[in-house]
Every structure is written in C-alpha cells, then in structure tokens.
There are 2 protein chains.
Amino acid sequence: MQKRLVVLTDGCSEPITAKTAVSVIRYGHDKVIALLDTTQPGKTSQELLGIGGDIPVVANLKDAGEADVLLIGIAPPGGRMPPQWRPILLEAIRLGMDIVSGLHDFISEDPELVSAAKEFGVVINDVRKNDEHEVANRVGIRPECLRIQAIGQDCCVGKKVVAIEIARALQQRGSDAKFVATGQTGIMIEGDGCPVDTVVADFINGAVEKLVLQNQHHDILVFEGQGSLAHPRYSAVTLGLLHGAMPHGMILCYEAGREGIHNMEQIPLTSLAQLRTAYETMANLMHPSQVIGVAMNSRLLGDDESQQERERVGKELGLPVCDVLRHGPNDLVEAVLKMQQEFVG
Amino acid sequence: MQKRLVVLTDGCSEPITAKTAVSVIRYGHDKVIALLDTTQPGKTSQELLGIGGDIPVVANLKDAGEADVLLIGIAPPGGRMPPQWRPILLEAIRLGMDIVSGLHDFISEDPELVSAAKEFGVVINDVRKNDEHEVANRVGIRPECLRIQAIGQDCCVGKKVVAIEIARALQQRGSDAKFVATGQTGIMIEGDGCPVDTVVADFINGAVEKLVLQNQHHDILVFEGQGSLAHPRYSAVTLGLLHGAMPHGMILCYEAGREGIHNMEQIPLTSLAQLRTAYETMANLMHPSQVIGVAMNSRLLGDDESQQERERVGKELGLPVCDVLRHGPNDLVEAVLKMQQEFVG
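Rules of the game
- Residues numbered from 1 in each chain as written.
- Chains lettered and ligands numbered in written order.
- Predicted model: local features only at pLDDT ≥ 70, side-chain atom pairs only at ≥ 80, totals over all residues.
- Buried ≥ 20, exposed ≤ 12 C-beta atoms within 10 Å, placed from the backbone.
- Helix = DSSP H or I, 4+ residues; strand = E, 2+ residues; numbered from the N terminus.
- Arc of directions from axis to C-beta.
- Contact = placed C-beta atoms within 7 Å.
- Least-squares fit on C-alpha atoms with pLDDT ≥ 70 in both.
- Core = buried A, V, L, I, M, F, W, Y, C linked by C-beta atoms within 7 Å.
- Axes fitted to C-alpha atoms, helices over the stretch in contact; angles between N-to-C directions.
- Parallel < 35°, antiparallel > 145°, perpendicular 65-115°, else oblique.
- Left-handed = near helix turned anticlockwise from the far one by under 90°.
- Nonpolar A, V, L, I, M, F, W, Y, C, P; charged D, E, K, R; others polar.
- Pairing = 2+ DSSP bridges.

**Concerning helix H3 (residues 86-94) of chain B**
Residue and element names in this part refer to chain B.
1) Next: Within the sequence span of H3, burial applies to Leu 89, Ala 92 and Ile 93. Here the buried residues of H3 occupy an arc of 100° about the axis, which is enough to place them on one side.
2) Next: Where H3 is buried, its residues meet strand E4 (69-72), strand E5 (98-101) and helix H4 (111-120).
3) Next: Positive backbone phi, approximately 85°, marks Gly 96, located one or two places after H3.

**Points about unusual backbone geometry**
1) Next: The backbone phi angle of Asn 263 of chain A is positive, close to 70°, even though this residue is not glycine.
2) Next: Topologically, Asn 263 of chain A is positioned in the loop between strand E11 (260-261) and strand E12 (264-268).
3) Next: The backbone phi angle of Arg 138 of chain B is positive, close to 60°, even though this residue is not glycine.
4) Next: Residue position: Arg 138 of chain B is located in the loop between strand E6 (124-126) and strand E7 (146-152).

**Concerning the relation of the copies chain A and chain B**
1) Next: The two copies are related by a screw operation: chain A maps onto chain B through 180° of rotation and 0.0 Å of translation along the axis, at an RMSD of 0.0 Å. Between the two chains, the operation in question is that of a two-fold axis.

**Quick look at the environment of Ala 283 of chain B**
Residues and elements named next belong to chain B.
1) Next: Within the secondary structure, Ala 283 sits in helix H9 (residues 272-283).
2) Next: Residues Ala 283 and Gly 249, 34 residues apart in the sequence, show an inter-C-alpha distance of 9.6 Å.
3) Next: Setting aside its immediate chain neighbours within four residues, Ala 283 contacts Leu 242, Pro 247, Met 250 and Ser 289.

**Points about the nonpolar core**
Note that soluble globular proteins tend to have their nonpolar side chains buried in a common cluster.
1) Next: Formed by 228 residues in total, the largest nonpolar core has its most connected members in Val 222 and Ile 251 of chain A together with Val 222 and Ile 251 of chain B.
2) Next: Ignoring anything within four residues of it in the chain, the contact list for Val 222 of chain B reads Ile 148, Ala 163, Ile 166, Ala 167, Ala 177, Phe 179 and Val 180 of chain B.

**Some thoughts on the packing of H3 of chain B against H4 of chain B**
All names here are of chain B.
1) Next: Here H3 crosses H4 at 15°, and the two axes come no closer than 9 Å. Regarding the angle of H3 to H4, the classification is roughly parallel. When you trace H3 past H4, the crossing you get is right-handed. Contact residues: H3 offers Leu 89, Leu 90, Ile 93 and Arg 94, while H4 offers Leu 113, Ala 116, Ala 117 and Phe 120.
2) Next: Looking at side-chain class alone, the contact of H3 with H4 contains seven nonpolar, no polar and one charged residues.

**Some remarks on the sheet that holds strand E3 (residues 57-58) of chain B**
Residues and elements named next belong to chain B.
1) Next: One open sheet holds the six strands; their spatial order is E3-E2-E1-E4-E5-E6, and the pairing between them is parallel. Since the sheet does not close on itself, it has two edges, and those belong to E3 and E6, each with one partner.
2) Next: Bridge analysis of strand E2 (residues 31-36) against E3 gives two bridges, and the strand direction is parallel. Within E3, the position partnered with Leu 35 by the bridge is Val 57.
3) Next: The strands that helix H1 (residues 19-27) touches are strand E1 (4-8), E2 and E4; relative to E2, the one it contacts most, it runs at about 155°.

**Quick word on the interface of chain A and chain B**
1) Next: With 38 residues of chain A in contact, the opposing surface of chain B contributes 38 residues.
2) Next: Put simply, the parts of the chain that give the side of chain A that touches chain B at least two residues each are helix H7 (204-215), helix H8 (235-245), E12 and helix H9 (272-283) of chain A.
3) Next: Among the elements that line the side of chain A that touches chain B, the one with the most residues is H8 of chain A, at six residues.
4) Next: In the side of chain A that touches chain B, the residues fall into 21 nonpolar, twelve polar and five charged.

**Points about the sheet that holds strand E5 (residues 98-101) of chain A**
All names here are of chain A.
1) Next: Reading across from one edge, E3-E2-E1-E4-E5-E6 is the order of the six strands in this open sheet, with parallel pairing throughout. At either margin of the open sheet sits one strand with a lone partner, and together these are strand E3 (57-58) and strand E6 (124-126).
2) Next: Relative to the sheet, helix H1 (residues 19-27) contacts strand E1 (4-8), strand E2 (31-36) and strand E4 (69-72), its axis offset from that of E2 by approximately 155°.

Right, here's the structure in full:
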C-alpha cells in the first residue's frame, strides 16, 4: 500500500544536503505530500530541490494534510540529529505519524521519543539499525552472477542514482538485474539492503558478502557505492563494501566542477586517474575487476560545458562517460552488457 | 597494584589462537598465575605456548590459587564466546574474580553473567566496548610527531609484538616513543588505546584520528596494525586504521612459511611486493608514506632457514628485515630513527 509522506528537510532544503529527500521523491514507492522546512514555507519542492513539481513546502506539520509518515530527508555529517528537530518529531508522533529515519542516532533508542511513540501508537523505523555479526567466508559465491559496483571520487556525487538508473535500464532491456542498496536512502527506496556504514568494523565485509549471497539468483547485481577510497572519513566503509561485493566491473562516479572533498573543502579531491588505479589495485586483491565506465554528475554545468567535459574525460580515461540523468544511462548499460557477454563467454 | 590473573585458553592453548594469552604473559603489567585449559592440565605454559616458564596449566579454577581476575586469552574468529565457556565464567564470578574480555560478544550485556557479577560483587571489563561516534576532521595534527604503523600480510603475524618491541627499543635509546594500541590485547597491555575493529564503520577513521590527537605530544607514535588490506574479512578495519593514523612510515609484517590466509587457508596470501604497492598506494591517498622495513615472524623456521629467508626478502624488497624476537628490533629501529632524522630535517 502506498503511504503518504512528509519529508523533513528543515533548514537544509538544497539538493546535496537533502539527498535522501531528492531520492525518495525521484524513486520512492510512497507519495510525498509535503516537505517540512520552517525557513522556506510557501515554496515548492521543485524550486528548492529541482524535483518534485508542486509538492508544497510547509512550516508546520498541521499544514501537511493527512500524512502517515514523517521521513527524515537529510543526511548530516556523522548522522546525528540536530537538536531543533526534537519538537518536530514529537509533534509528528502526537499527530499519529510513523517515523522513518536514516540517522546514526537511533530514534528508537531515545527515551522521550520512544515513550511518545508508545503513547500515540506509532512505529519508529531506524533504517540504519542492524545487528550484522558474521565475517565473510568466500563460500557459495555463484560465479555466473555478474557484480557491478558504483564507486566514487567523493561522497554525495550520485552513486546511488547511477546504480538505480543502470539497474532499471537493464531491467527495461529484459535483463534480470537488481539494484543492491547499501545505504539508508537506497534501503528506503528498494525495501531491502544493508546500511553498510553502520555495521561494526569487523563485520563490514561479511555483511556485504551476505548481500551477494542473498541476491545472486539474479543475473546482474548493481551495488550502490559508499564514500570513496580517498575519503578521509569514510574510506573504511568504501573498502569493506568493495571487498564484500567483489565487483567484476566498477562505474566511477564524480561531480564535474567539484574541487574539494564534500564538507572538507580544504582538502583537494584525488584525480579520477589516480582513483581508478587505487580502486583497481584494491578490488583486484579479491577478484579480477576493472573500471568499465564513468558516471559524471554535471548538475553544475550548462549543456555545452557538460558535453565538453564528457568528451575530455572520455578521452583521458578511454572509457564511456555519461550523466545518467542528463544523457540517460545507455552508454554505461552497454558497458555492463558487454562485460556480461565476455563473462558468460 | 599488580593483579593475579588466571588466563582462559580452554581447548585452544597453542600460540597463534591464544595470542592474547601469549602477549599478556610477555608484556603485561599483571602476574599470570595459571592458564585454564581443561584439556591439558598438569602441563606448563612454556610447553603449550612457548612462553611463561613454569606457569601451571589447570583444569579447574579452584586449582588456580588466589586469582583476582579471569582474563579471556584467545581471540576466536568473529570474537564470539564458545558456549562451553559459560560455566567457567560463572564459576570465576562465584569465586569473586573480575572478568576481562576482548570478545565481540559483550559479557556485560549477557543477562545471566551480569546478574551473577552483581550478586558476587565483581567487575566485568569488556575491552572492545566503545562508543566512538566522531568522524575524522584532519584538524590540529601536529606535523612534528612522526607516525609509524605496523601493517601486515595477514592476521596473527605479530604486528602488535613488532610495534611494542620497536616502541620499547626506541624508549631504551632515549626517544619519546609511544606504542598506540588498536586492539583488545594491546589495550590490556598498554592500558589505553581503541578497539578499532569494534567501532561502527563511519567512525573508524575518526576513532583512529582521535588516537593521533591524544598521543601526538610524543615524538614518535608506533601504531599496532590490524588485519591486512588483502584480508577478505577485515580489510575495512585495516584501511580505516591506515587512513586515521596517516603513518609516515610503515613496517610490513609477515610470517615466513605461511601460504594461505589464517583461518581461510584455501585462499592464498598476496605477495609482499604486491602488498607493499597496495599499502603505499592507499596510504599516499592521505599522506606521504612508505614501507621502511619488514618484520618477519620466523617461528616456523630453524636458525639457518631464518637467516636465508631474511636475506632473500631483504634483497627482493631492498629493505631491512628482521624477526624482532629472534634478531631483536634494531634494524627496524634504525629505519625509524633514519626517517625521523630526514623528517625533522
């Protein structure tokens, strides 16, 4: 059954911070009926996020109509809840809304919010909560299943979008492909997956290997990526994902025009060529693997600039390049199908 | 005050599985008065572990004399408690002993054991328990502090021993050096540190960066390593540690004669040369770094074989090589001091 969501983006309604909101609007199964941002009421989702058309921005939950669920639509660094959200969550609970959260701070472990949820009979769903506790074993991997992974130059470049667009395009062409979610927003969209960045360190690789074992009855798995091997904060997550998924093919995702690391802008990004070497070096420690294409996020560029960038990077790396939203994912889908053909033999 | 420890190694009293026991006997501050192994009573620690002299092996806690603490001396894969240990732990608690554990399964969250501990007034110390919750920030790193890290071809090759031996030898030569513990046994020995393999994925790099910030008033930090960048299970831990510690110099540790991954023997080890490339590639994404020496664990070799292996690897990699226990750590200490000299300028 389709639910009606209010998406909380309070004070952070721009596309890169509110990336959970953007993806749930773009790909989600449920209907978003309003954004809640007390700083910008009266605008539309399209105006703030570049997606969502006439979905209204409201300052008050009572203006959101008959919503079933309050979904937290931003991903702050470190995943902690801003203190000013507490009264909003309490009000949503009092209005009978379930809470869906992808924060590291678990709502379901907050005594005040849990007590309110009990009183008003609503459900708290902490998508990042997990009890992964198994190490990887490298047993029972089905060799006929092709594994593709979106990898990145940085956080927040669109790895999830790329993986979803490629998986859906493969499905439209008749392939038995599955998007494998590895983060909270991907899980909200797909309905299953593993919140890899919240798994205890020793079990990261094992939790991802479990995703392989659970999904390898499909012909092609397209794994959502996390972070970057060159990210000062999150590289451990990225490598555990890479070594658990053991991709045959990798799609390198980046945002054109970005120069410094997201939220750590004083640190320059590592070049695509150097990253390609790093990813191939590390992936091949587990399984033969290569970068087979580049996904460019060109939201900051005009059409001409975007075309120039696409040609420049394609020439530099000798790989197909596209922006899956601007150009469609076909060039990358072709690269995946080509790898599948060589692979099946 | 020195405590009296009984070390539990039940059914696993061989040096590689009981590595916590070996290290606590070799380096610990407290006095080990017995090993508890119901399968081999009457023997000595020296006979089973190759260390500890006449420390007796007992089958029953009551034969262990007046111990203050039961310390769990083995590290099973995944860190779970074998079910047959429960009655032993319960008896230790009833005899008034505190429990020290480095398992992933927290004793202090086991209702039966917690209730017994409360009844008999003993303390449960889960060394791996942590609440690390901060991301890395790359702010305030003191550039004059030299960071050295033990890295490995595999688990259980002696990275902790290498780091301790180098740090202690540096101290003996008058350097202001500190061993930085990153695992449960190291913490038991040093009294501080971080159990990196039990930190939530997003915060691994940050937890290690915190160790840098807390200890960088010393001139040289020697970080204990964890796992291996080529380990199918634990590579995420290894990379988070590498990117949090940002070592200037790395000491590559391996066990001569080992061919397959520890506990996954069907998977061959990655060569030292390939691993050196992988570690240098990954470390240099964060900070200029190089492998400056090789620590060989030659316990499986005789004296002649050990010397041949030392020469072979030294020639192959063009680096100083030694077994810190057999040959002493001097060659590696020289490499560290040389780096410090170039570094301070």
